[in-house]
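Chain by chain, the residues:
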Amino acid sequence: ESLEQWKTSKDEQQLRTIVANFYSLIRHGLLYVEEGIEEQQTWIGKLPSVAYKTTFKTQYQKCIITILSYPLLPSQYKAILLILHKRIIPYMSQPQGLMDFLTDSYDVGDDAIVPILALNSLYELMKKYNLEYPDFYTKLYSLLTPELLYTRYRSRFFRLCDLFLSSTHLSANLVASFIKKLARLSVAASASGVVIIIPFIYNLLKRHPTCMIMLHNPDKAKSGDYVDPFDNNEKNPMNTRAIGSSLWELETLMTHYHPNIATLAKIFGEPFRKHSYNMEDFLDWSYISLLESESTRRYKTLAALEFEEFDMLFDEADKSEETNKRVLLEGWTV
Amino acid sequence: MAGSQLKQLKAALKEKGLIGQTNTKSKKSKHNKAEVKRDDRQHKIDEVRNEFNKFDTKINRTKHDVSIIQQGKFVKMGSKQHNETSARNGAVLKTMKMQYNLEKGRRGKTGGILDKRFGESDKHLSKEEKMLARFTKERQNASRKRNAFSLESDEEDEDDDEDGFTLTHSGQALSLDDEPSVKYVDEDYSVEDEQEQPARKKSKNEVMKEIIAKSKFYKQQRQKEFAKTQDEIDVLDDEFGDVMDDLRNVQTATPVFSTKSAESIEYDSKVRELTYDRRAVPADRTKTQEELIKEHEDKLKKLEADRLRRMEGFVDSREAEADDLDDEFWAGGSDEDEEQGFAIKEDGGDDSESESEDEHSGRPKTVKTPPVIMPYTHHEFEQEVSQIEPAKQANHINKIIQAYKPNLAQGNKEKMNNFVGILFQHVLHLANHDQEFQHIVEIVKKLAETYNEKLVGTIREEISHIQSRILKHHLRKSDLVFFVVIGYLFSTSDHYHLIVTPCLILMNELLTSIIYSPNTNVQTIGQGIFTVDVLLSYQRFAKRFDPEVVNFIEYAMLQLIPEPKKMTGLDKILSSKTESRFSVSKTEQINTGIISIKQLFKEEGELKSQLLVKLVDIMDKLVSLYKEKSCLIEILDSFIPILKHLVKYFAASIPNLSSTLTKFTKLQSNLVKSRKPLTLQHHRALAMATFAPKFEENFNPDKKSYDVNKERADLNKIKYQIKMEKKAALKDIRQENKFVAREQIAEKKSMYDEYHKKMANIVNSISTIEGAEKNQYEREKKLRKNK
């Protein structure tokens, strides 16, 4: 708003950066902010007066809020959100002031990543400052999009999601919706996403045994006409009627191309003896780490060979005459 | 025992013979007693003293003098006999002692005779071993006796009667036989003879020495001769090859020396050859056509069964511990166990074939240096091959393979191993340079079984290269060809495969990276579509589900369809929604030709429409592949709107489009009808854990079990009994062992004591005799002095 306020707050900030290492982390966080960089350079002067912490905090808060009100680039936006809950919120006198900012960013519709990033700080506020967020689960449910499983921040999201859904007092409808939605997403998810989804669903089912009906529903299976009641487009997780549906997607995953994922998915066909999966083991897989674990395997026995004979690898370019040759990859040529 | 302490003491001492009248005993007994006195007096006194020291004995005092009946006897309460365990132990000890003594007496005896035969009682030795051991023992005994002090020379040993044992005096051998200085009377005759024969008669010693010297000399000579002939043989051996070569040449060149006619020579050689031939064995009956076909079918069936087994991936044992194993994997541990299930029996088809080929071609006469040179690096090979025209390359490679068969020379196997890797690299190299590589792939396939390990190593290296290229979004033609070649070489249906599994991961990574790469263009989408097709061809048998493929097909479709804004039913799409950038224009001419990999790397051309056609094709392929997957409905849900949208524009120009769409809709409606909720948890219901303590209605401390199931209770009872029996038996065995050990120690002790006593006696007697002699001497001396 006013440059004057901006400058005074900067003043305080410089003081902090010089006087105490304690705040250096915040400075690093703030350095990403536009304009501030040049001004900081000019304001490095000696200000020996020891200010009070509370004033620091209030000043700091003002500063932060003004900065956040600036028009930010998307990358800066994400960068701030990334550090907000760890580096900024703890040093503010009234973090409630950030509420508007966070709820706004949580409601951002067109970018899938921003709400995921905002989630962390939002949780921090809810935990420490009793923030009430209306329709929190509805919003959380809406975050379950196909992109989610391909983003880099999926582990971050699932860590929190695990936390939010850890309560056993949630309604079965809600949990079933989450389970069904995740299963649906897994039909087009990356291998690393599937790796997260399977133990996640297992843990949810274990916590909410009423949802086991989605895996085992013999009464409905016997009766004649059955129509899948699940509504994929319903926004409210309470109204999706997922509880009446079944997790065919997971059954399909039992034949996933990755052998370990396939066997992991087979737990749904076995007694639920395991108490719960430790999610940390599953969150941070990527194609690279999957491949790495393959490359460290030792050569033990003959790698099995294909015994089917193909005459050609590729089709011939000019398929003028009809040949009886078996071609491995039809419709392509060198 | 009665009376006062003093009386008791007296009685005890008297009993031991320490006090009391001694004159009543006879003289003999008195003598004995004196000896006893000397040795044991002190000991006996100690014994008596101990007996009478009441402070050292333990008594269980009872307030009331009560006697009870125990084991049929009256026993005083609190007395030694009353102590139940000690009484029992005493009885047990007694029987054990009896048993032990009995066994000791019988040890090593058969009947009444001590059996000293070696290994007679050893049950672990077989009859032959026993015989052998006895024989060696006998020989050892004999030899030990003979050469107790013999030195190394054998001859002496044979001649010497004294077994090499000679008496010496100041270094000179002593002998009773030869004493040249001593002359007997009857030897005087020979003095004149001696003068006649200048050499006097040699002593036996000298004769022997001479003989020894001679024999040694001869021996040396014999050795020399032997060495010489050996050398000559060696030289001949060395020259043999040359001579044989010469001979062969000579034989063919100048048959003059041979008196035989050419025919007879031939005949002879044939005969000689025949002698070396293996004797004819009745050959297997020539198989009929049907039998051959059946054999082939059987082989295929076996291979098929193997493949199925691998596809299931160790099903039986895995299911039980599936999640345990997996946890380890996901937690970062590597479950190597998994691979154990995929051990494949090597049938060694190639090996045996190549060997039999060799046999047919006859024994190689001389190993000539191969005319083709084995390349060591791919670079070398490339240079070499580039000089040869493409048609003859396969021939050249075959020549190399022939020349370096592993059974021709040592080290060929390693060379061939290396060569297979080079060939594989060459395939990729050719693919990069748009050259024909089909024939080389076929060769690699033939070699793949024999030289598996090195090939696998090369491919794994290549995989890591490709991964780095994928991360850089810079793919080569060879990378796409690589995947196809892998599918051609290896069994892609396996549950786990050392090569195929990483390739699958790699291809899916490629698909994902194409979608989310910042510089996607039609070419990269084309590459992705190609990869999708390869992936589907990998799954043609195992039909494993691949979510990334679904995702990519939808993505590619959305990128390519014309006028995406007008599309309805977008909400059903499974994949993420992105605006299409490469949409085919409405009026574009549809080209349904075959797409070449080259095109995928060239600049943009007529590719879009071709790719679109291809995608429809692939959709059809995917749906028919995943026909049995329960979530096909969802996949179709998202495919159908796309096709519906597409039909609006290209119904006429894409031939399969409308038929595919109708097929899809029909299939979906069928599936929706037939799909039933899952019943995956068909096992017995799990018991819930309860924390409430269990109460027994009629609790009885004596009752051991409250099991309602009678059979189980009985079983448990028997189990318990067996356990207790086992425990008791073990205890008995231990007790017995301890007892035996104690007995043995006591025996040894007594043996030593006896020995020491005996020695003491001997020393004693000697000193007595000495003393007596001394006394005698003194007496004599005195007598003489007195004289």
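From a predicted model like this one, the values you see are computed outputs, not experimental measurements.

### Here's the deal with the overall build of chain A
Helix and strand counts for chain A come out as 16 helices and 3 strands. Relative to its full complement of 334 residues, chain A shows a buried share of 54%. Residue pairs at least 24 apart in sequence account for 71% of intrachain contacts in chain A once pairs closer than 6 positions are excluded. Summed over its atoms, the accessible surface of chain A is roughly 15100 Å², and 53% of this surface lies on carbon and sulfur atoms.

### Brief notes about the overall build of chain B
Within chain B, the secondary structure is distributed over 26 helices and 7 strands. When burial is assessed residue by residue, chain B has 30% of its 787 residues classed as buried.

### Regarding the confidence of the model for chain A
Residue and element names in this part refer to chain A. Put simply, chain A has an average pLDDT of 73, and 64% of its residues get 70 or more. Contacts of residues 1-7 to residues separated by more than four positions or lying in other chains number 10 contacts, the stretch itself having pLDDT below 50. Of the regions scoring below 50 in pLDDT, residues 14-53 engages in 47 contacts with residues more than four places distant in sequence or in other chains.

### So, helix α20 (residues 522-538) of chain B
Spanning 17 residues, α20(B) covers 24 Å between terminal C-alpha atoms, matching the ideal 24 Å at 1.5 Å per step. Burial analysis of α20(B) places 17 of its 17 residues in the buried class, the great majority of the element.

### Some details on a nonpolar patch on the surface
On the surface, Tyr755(B), Met759(B), Ile762(B) and Ile766(B) cluster together into a nonpolar patch covering about 360 Å² of accessible area. Checked against the element boundaries, Ile766(B) lands in helix α26 (residues 710-786).

### Here we look at the UniProt feature "transmembrane region" (unreviewed entry) in chain A
Residues and elements named next belong to chain A. The UniProt entry lists residues 157-179 and 185-205 under the feature "transmembrane region" (unreviewed entry), expressed in the numbering used here. Between the end C-alpha atoms of residues 157-179 the distance is 15 Å, and the span holds 70% helix and 0% strand. Helix makes up 81% of residues 185-205 and strand 0%. Its end C-alpha atoms lie 17 Å apart.

### Structural notes on the confidence of the model for chain B
Where the model shows low pLDDT, its predicted coordinates should not be examined in detail. All names here are of chain B. When pLDDT is averaged along chain B, the result is 76; 74% of the residues meet or exceed 70. Here helix α12 (residues 349-360) stands out as the element of chain B with the lowest mean pLDDT, 38, in contrast to α26, whose mean of 94 is the highest. For the stretch residues 153-164, pLDDT sits under 50, and the model shows 7 contacts to residues farther than four places along the chain or on other chains. Confidence over residues 177-197 falls short of pLDDT 50; this stretch has 3 contacts with residues more than four positions distant or in other chains.

### Considering the interface of chain B and chain A
If you look at the interface, chain B gives 103 residues, while chain A gives 91 residues. Of the roughly 9100 Å² buried where chain B meets chain A, counting both sides, 63% is carbon and sulfur surface. Inspection of the region where chain B meets chain A yields 2 salt bridges. Its salt-bridge partner being Arg675(B), residue Asp228(A) comes within 3.6 Å of it at the nearest N-O pair. The tally of links between chain B and chain A comes to 19 residue pairs in polar contact (both at pLDDT 80 or more). Residue contributions to the side of chain B that touches chain A peak at 9 residues, all from helix α19 (residues 500-516) of chain B. Here the side of chain B that touches chain A is built from residues that sort into 46 nonpolar, 23 polar and 34 charged.

### Points about the side chain of Ser478(B)
Along the chain, Ser478(B) turns up in helix α18 (residues 477-489). On the basis of relative accessibility, which here comes to 2%, the residue Ser478(B) falls in the buried class.

### Quick word on the pattern of salt bridges
Residues and elements named next belong to chain A. What the rule picks out here adds up to 21 salt bridges over all chains. Between Arg-159 and Glu-280 there is a salt bridge, with the nearest N and O atoms lying 3.0 Å from each other. With Arg-159 in helix α9 (residues 154-164) and Glu-280 in helix α15 (residues 280-283), this residue pair connects regions lying 121 residues apart in the sequence. In this structure, Asp-162 engages Arg-207 in a salt bridge whose closest nitrogen and oxygen atoms are separated by 3.4 Å. Here Asp-162 is found in helix α9, whereas its partner Arg-207 is found in helix α11 (residues 191-207), with 45 residues between them in sequence.

### What to know about α26(B)
Residues and elements named next belong to chain B. In this model α26 runs 112 Å from its N-terminal to its C-terminal C-alpha over 77 residues, within 8% of the 114 Å that 1.5 Å per residue would give. For α26, the complete set of buried residues consists of Ala-713, Phe-739 and Glu-743. N-capping of α26 is provided by Asn-709, with a side-chain oxygen placed 3.3 Å from the backbone N of Glu-711.

### Points about a negative patch on the surface
Taken together, the side chains of Asp231(B), Glu232(B), Asp234(B), Asp237(B), Asp238(B), Glu239(B), Asp242(B) and Asp246(B) define an acidic patch exposed on the protein surface. On the accessibility criterion, Asp237(B) (52% relative accessible area) is exposed.

### Considering the packing of aromatic side chains
Inspection of the entire model under this criterion finds 19 aromatic pairs over all chains. Centre to centre, the rings of Phe158(A) and Phe200(A) are 5.3 Å apart; their planes meet at 75°, and the pair counts as edge-to-face. With Phe158(A) in helix α9 and Phe200(A) in helix α11, this residue pair connects regions lying 42 residues apart in the sequence. In terms of burial, Phe158(A) and Phe200(A) fall into one category: buried. Here the aromatic residues Tyr202(A), Phe268(A), Phe272(A), Tyr277(A) and Phe282(A) are joined through ring pairs into a cluster of three or more. Positioned above the aromatic ring of Tyr277(A) is the side chain of Lys274(A), whose terminal nitrogen or guanidinium carbon lies 5.2 Å from the ring centre. The ring of Tyr488(B) has Lys445(B) sitting right over it, with the charged end atom 5.0 Å from the ring centre.

### As for the packing of α19(B) against helix α21 (residues 547-560) of chain B
What describes two packed helices is the angle between their axes and the distance between those same axes. Residues and elements named next belong to chain B. Two elements in contact, α19 and α21, have axes separated by 10 Å at closest approach and are oriented at 30°. Regarding α19 and α21, the two cross each other, and that crossing is left-handed. On α21, the residues touching Asn-508, Leu-511, Thr-512, Ile-514 and Ile-515 of α19 are Glu-548, Val-549, Asn-551, Phe-552 and Tyr-555. Residue composition of the contact of α19 with α21, grouped by class: 6 nonpolar, 3 polar and 1 charged.

### Observations regarding the packing of α20(B) against α21(B)
All names here are of chain B. At a minimum axis distance of 10 Å, the contact between α20 and α21 shows a crossing angle of 145°. In this structure, α20 meets α21 at a crossing whose hand is left-handed. Contacts from Ile-525, Gly-528, Ile-529, Val-532, Leu-535 and Leu-536 of α20 reach α21 at Val-549, Phe-552, Ile-553, Ala-556 and Gln-559. Of the residues assigned to the contact of α20 with α21, the class counts are 9 nonpolar, 2 polar and no charged.

### Here's the deal with unusual backbone geometry
Phi at Arg241(A) takes a positive value of approximately 55°, unusual for a residue other than glycine. In this fold, Arg241(A) is placed in the loop between α12 (218-222) and α13 (248-253). Positive phi is not limited to glycine here, since Lys543(B) has a value of about 55°. Relative to the assigned elements, Lys543(B) resides in the loop between α20 and α21. Residue Lys543(B) is classed as partly exposed on the basis of its relative accessible area, which comes to 31%.

### Quick notes on the environment of Glu51(B)
Topologically, Glu51(B) is positioned in helix α2 (residues 27-52). Along the backbone, Glu51(B) and Ala12(B) are 39 residues apart, and their C-alpha atoms lie at a distance of 9.4 Å.

### Quick notes on the environment of Leu247(A)
You can see Leu247(A) is positioned in the loop between α12 and α13. For the pair Leu247(A) and Met214(A), spaced 33 residues apart in sequence, the C-alpha to C-alpha distance is 5.9 Å. Apart from the residues lying within four places of it in its own chain, the contact partners of Leu247(A) are Ile179(A), Lys180(A), Ala183(A), Ile201(A), Met214(A), Leu215(A) and Leu678(B).

Here is what the cut-offs are and how they apply
- Throughout this description, residue numbers start from 1 for each chain and increase along the sequence as written.
- Each chain gets a letter, beginning with A, and each ligand a number, beginning with 1, in the order they are written.
- Per-residue local features of the predicted model are confined to residues with pLDDT of at least 70, and side-chain atom pairs are confined, for both listing and counting, to 80 or more; whole-chain, interface and lining totals are unaffected and use all residues.
- For side-chain calculations, the full set of non-hydrogen atoms in the structure is used, while hydrogens and water are omitted.
- A run of DSSP states H or I qualifies as a helix once it reaches four residues; a run of E qualifies as a strand once it reaches two. Both are numbered from the N-terminal end.
- Residue burial is assigned from relative accessible area. The probe radius is 1.4 Å, only protein chains are included, and a residue is buried under 20% of its type maximum, exposed over 50%, and partly exposed in between.
- In this analysis, two residues are considered to be in contact whenever any of their non-hydrogen atoms come within 4.5 Å of each other.
- Residue exposure ignores everything except the shown protein chains as possible cover, and the areas themselves are Shrake-Rupley values with a 1.4 Å probe.
- On a range of 0 to 100, pLDDT expresses the predictor's confidence in each residue.
- Here, expected helix span is obtained from the residue count minus one, scaled by 1.5 Å.
- Candidate patch residues must exceed 30% relative accessible area and have no salt bridge, after which like charges are joined if within 9 Å and Val, Leu, Ile, Met, Phe, Trp or Tyr side chains if within 5 Å.
- For this analysis, a salt bridge means a side-chain nitrogen from Lys or Arg found within 4 Å of a carboxyl oxygen belonging to Asp or Glu.
- UniProt positions are given in the numbering used here, feature names are shortened, and annotations may be inferred rather than shown by experiment.
- Two parts placed together each lose some accessible area; with a 1.4 Å probe, that loss summed over both constitutes the buried area.
- As used in this structure description, the phrase polar contact means that two N or O atoms lie within 3.5 Å; if the pair is within protein, one of them must be able to donate a hydrogen and the other to accept it, and residues adjacent in sequence are counted only when both atoms belong to side chains.
- Here the nonpolar group is Ala, Val, Leu, Ile, Met, Phe, Trp, Tyr, Cys and Pro; Asp, Glu, Lys and Arg are the charged ones; every other residue, Gly included, is treated as polar.
- Positive charges come from Lys and Arg alone, negative charges from Asp and Glu alone, with His and the N- and C-terminal ends not counted.
- The atoms used to mark charge sites are NZ of Lys, CZ of Arg, CG of Asp and CD of Glu.
- Planes of paired rings set the category: under 30 degrees apart is stacked, over 60 is edge-to-face and the rest tilted, where pairs are Phe, Tyr or Trp rings (Trp by its six-membered ring) whose centres lie within 6.5 Å.
- Here, a charge over a ring is recorded when the distance from Lys NZ or Arg CZ to the ring centre is within 6 Å and its angle to the ring normal is within 35 degrees.
- For helices, the axis comes from a line fit to the C-alpha atoms of the stretch in contact; other axes are also lines fit to C-alpha atoms, and the angle between any two N-to-C directions lies between 0 and 180 degrees.
- Crossing handedness: left-handed means the near helix sits turned counterclockwise from the far one by under a right angle, and right-handed means the same turn made clockwise.

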